[in-house]
Amino acid sequence: MTAVRPTPGVPRKYTFPTVERTTLSNGLRIAVARMPRLPLVTVLALVDAGSSYDSAGREGAAALTALALGEGTAKLSGGELVEQFERLGTGFDSGIDWDDAVAQLTVTTERLGAALEMLGEVLTAPAFRPADLERLKSERLAELLQLQAEPRGLANEKFSELLYAPKSRYAKSSAGDRGSVSAITVSDVGAFHRAHYTPSSTTLIFAGDVTMELAVQLAERAFGGWSGLTVAPAIVNDDIAQSGRFGHIVHKADAPQSELRVGHRGVKRNHSDYFPIVVMNALLGGLFSSRINLNLRERNAFTYGASSGFDWRRGAGPFVVATAVKTEVTGPAIREILFEVERMREETMQPDELTLATDYLTGVFPIRYETTRAVAAAIATATVYGLGDDYYTLYRERVRAVTAADVRSAAQHHLHPESMLVVAVGDAASIRESLEALDIGVIQVHGTEGGS
Amino acid sequence: MQISVESYRLANGLLVTLSEDKSAPVVAVNLWYHVGSANERDGRTGFAHLFEHMLFQGSEHVGANEHFELIQRAGGTLNGSTWLDRTNYFETVPSNQLAIALWLEADRMGRLLPAMTQQKLDTQRDVVKNERRWSVDNQPYGTWWERLPALAFPPSHPFHHSLIGSMEDLSDASLDDVAQFFRTYYTPNNAVLTIAGDFDRDEARALIQEYFGAIPRGEDKPPLRPMEVSPRFDGWRREVVEDDVVLPRLFLAFRSPVFGSDGYFSASICAAVLGMRKGSRLYRALVRERQVASEVSAFTFDLSKGSDLLIVDATAHPGISAAELETAVTEEIAGLRIRKISTEEIERVVALIETDLLSTLQSAGERADKLSQFATYFGDAAMVNTQLSRYRDVTADEVNSFVQEFLGDDNRISLVYVPRTTAAA
């Protein structure tokens, strides 16, 4: 038993799995990261077919297309397809992000060949049967209905809707709203698939107990006959509705808490200040021991937790502070959030605060990549944003290179207290007055219904 | 796949499990205290969980919130969680930081009380009340995980009352309660410590002895109130709840054999045949074919004492009433007796369970938690290595017998959420 704190030993070297790449003759790219420890492989098909490609009035088409991949192929009905995947011990998942679509599975090595053949069919020859699409659309509409009663999701949706200009794709949920989802037809989905799911827009990522030789052999068999045109990159409009300070309440009668979102447009993923911003955000609201969480939770007990984050996309995604606070302290909580954002710009941080963030981000790095799924996802991110295969090798070095001056400069350039959007989902009668006292403009009150 | 397991006991009763795997320079420290909401006294619902919060408020040599800060500075992740019958605390750190994680756990196991103050208790009480608002009161269907155990277990039973606790009971918790709970339940002889991942065996054993060895053994904890219940509900009780929700949702629960027993594996496979993923019977019938549900799943609650529960959780498709949903679910349950569960259906489930288990065990933190779980409930961490073969050994006959015995009309409770009908909604 000792009162003396132990000091760390010598760190053991960690290297992110080496990424090997090749391209098949039809343009399909392959990336392989060997992790031979367990007989397990994650295969992730990354397709340049995210929500940013949705056309106006058909928002949600990218999401619906990705989901519908799992609903059957030319040979198999949806039920049969699911059954076959699951008899291989794997669940097939597909979905979208703003900048990509992902179809993936994790399977034991002995069943990889069979699973990959099915993955090939799913991506290259989906059936898109009308009845299945109608069901997926009705499930999305059910989700939108549920959102009206779910303060967290509702706050996120309203924040984006109010932040971005109506013409920006970012103003609407990536899976679309009631009007746009209802309007999507079977031929829209078929057309989206033909235009965006092509060999040259796809990278097949393997992470786990697999060699490049085997990966290529299996990929040739499953995807070799696939063809399609090259796709022009999406043009992202990330315009905001207006700059300045604005306050909105989404009224939920008698809510015991206010679900808060406070922030503004952030920056593009490929911005050269990425690392200083990541370190700055860790201290502002990224970590448990961050300023915002310690202030709102541990000092004031306003909340169970508060955090901040930049949503990284090809265009400038939102920067947002998120928390849920007891109704009575809604105004004071927002005031503290605004104060902490302001303080981040004005004070240069102490060295031990800086090292809290940099030591955390460098130390936690190997813990983030223990699983095949996490490694495949990391390679996908590097691929989407063209970060290069040495990105993860250099990551910790680049975090360590960030100085207190870099952080302050990042805060001054990328935090904008003068242009804050405040959204509170809560009881308007109880919180309106406290928001009006905050110098965030005239408070507008909305109902909980989704977009048209 | 077999996980390496070495278990031993310190003189003070602390049960230690070491599981080496040097494939990544990462090590997990995991502590299970064999105490949960079941151990709370009357008028103190929610206390086990509030107490978990207090364990991050410092100990004799550690300041408030410093546990979080030191582990995050070390490049680690950490948290704690409270369940009906156990509370766990865990850190995953770079392997050169093992000592600080162990030291922090030992300081709070050995010397928590000098750091406890009224102000810290008051703050955490408010934080927990906000946690309750966030996860239960202001969340659609958020009350299900306190209403279902309340319906499933009689009022005198240790699993009956709310884990997160009532606002009134949280308000009543005092520093005396903290001291008494600590002395009674946070003893080395009521805890299990697991280290999994990259460490040196001799060094780890020496550190454990140095940090934990001198913590005195505590008195044996008081027994729980009687846990035994009838193996079946002996009827079909239901509760209907009006809530701020848009779609009806049904929780249909059956009593089933406790976690780890032979009967448990049949129950677990039956739940998976019914409601694990999209290939399951309920998903195919209710979501894909009949479109009466927008979501459905089935699972066991994994309680190791008294009785476990097999739970079907179904949310209605828009336009479908709670009654229609319940009828559809019960029809499928009844159908199990006509279209019996086949070997092929079991093969699907076992294949999924195998991949899930392998995927989960990639992470040092997950391995450590599983080892602690089996060490806590059964005194045998190595049981983690026999789970898959126990699933594989289950036959269709056994699962169909389980259906006959446990999924009848005489062994049910229904918890039904319906949209509020008042004009104000």
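Computed from a predicted structure; not experimentally measured.

## Observations regarding the domain arrangement of chain A
Residue and element names in this part refer to chain A. The domain boundaries assigned to chain A delineate domain 1 (19-223) and domain 2 (246-446). Computed from C-alpha coordinates alone, the two centres of domain 1 and domain 2 are separated by 29 Å. At the interface, 33 residues of domain 1 touch 35 residues of domain 2. One can count 3 salt bridges joining domain 1 with domain 2. Between aspartate 93 and arginine 373 there is a salt bridge, and its shortest N-O distance comes to 3.7 Å.

## Side note on the interface of chain A and chain B
Facing 75 residues of chain A, the contacting portion of chain B comprises 81 residues. Taken over both partners, the interface formed by chain A and chain B buries close to 6700 Å², and the fraction arising from carbon and sulfur atoms is 55%. Seen at the junction of chain A and chain B, the total is 8 salt bridges. For the salt bridge of Arg348(B) with Glu86(A), the shortest nitrogen-to-oxygen distance reads 2.3 Å. Our count for the chain A to chain B interface comes out at 37 residue pairs in polar contact (both at pLDDT 80 or more). Residues belonging to the side of chain A that touches chain B are distributed by class as follows: 33 nonpolar, 18 polar and 24 charged.

## A few points about the sheet that holds strand S6 (residues 202-208) of chain A
Residues and elements named next belong to chain A. With mixed pairing, the 6 strands of this open sheet are ordered in space as S1-S2-S6-S3-S5-S4. Either end of the sheet is taken by a strand with one partner, and the two such strands are strand S1 (19-23) and strand S4 (93-96). Each strand of the sheet is rotated relative to its neighbour by a mean of 15 degrees, with strand direction disregarded. Alignment of strand S3 (residues 40-47) against strand S5 (residues 101-108), held across 8 bridges, turns out to be antiparallel. Residue pairing across strands places threonine 42 opposite threonine 106, the latter belonging to S5. Its contacts with the sheet put helix H8 (residues 212-223) on S1, strand S2 (29-34) and S6, and the angle it makes with S2 is roughly 145 degrees.

Conventions and cut-offs
- Residues numbered from 1 in each chain as written.
- Chains lettered and ligands numbered in written order.
- Predicted model: local features only at pLDDT ≥ 70, side-chain atom pairs only at ≥ 80, totals over all residues.
- Heavy atoms only, no water.
- Domains from an automatic or database assignment.
- Contact = heavy atoms within 4.5 Å.
- Salt bridge = Lys/Arg side-chain N within 4 Å of Asp/Glu carboxyl O.
- Buried area = accessible area lost by both parts, 1.4 Å probe.
- Polar contact = N/O pair within 3.5 Å; in protein donor to acceptor, adjacent residues only side chain to side chain.
- Nonpolar A, V, L, I, M, F, W, Y, C, P; charged D, E, K, R; others polar.
- Pairing = 2+ DSSP bridges.
- Helix = DSSP H or I, 4+ residues; strand = E, 2+ residues; numbered from the N terminus.
- Axes fitted to C-alpha atoms, helices over the stretch in contact; angles between N-to-C directions.

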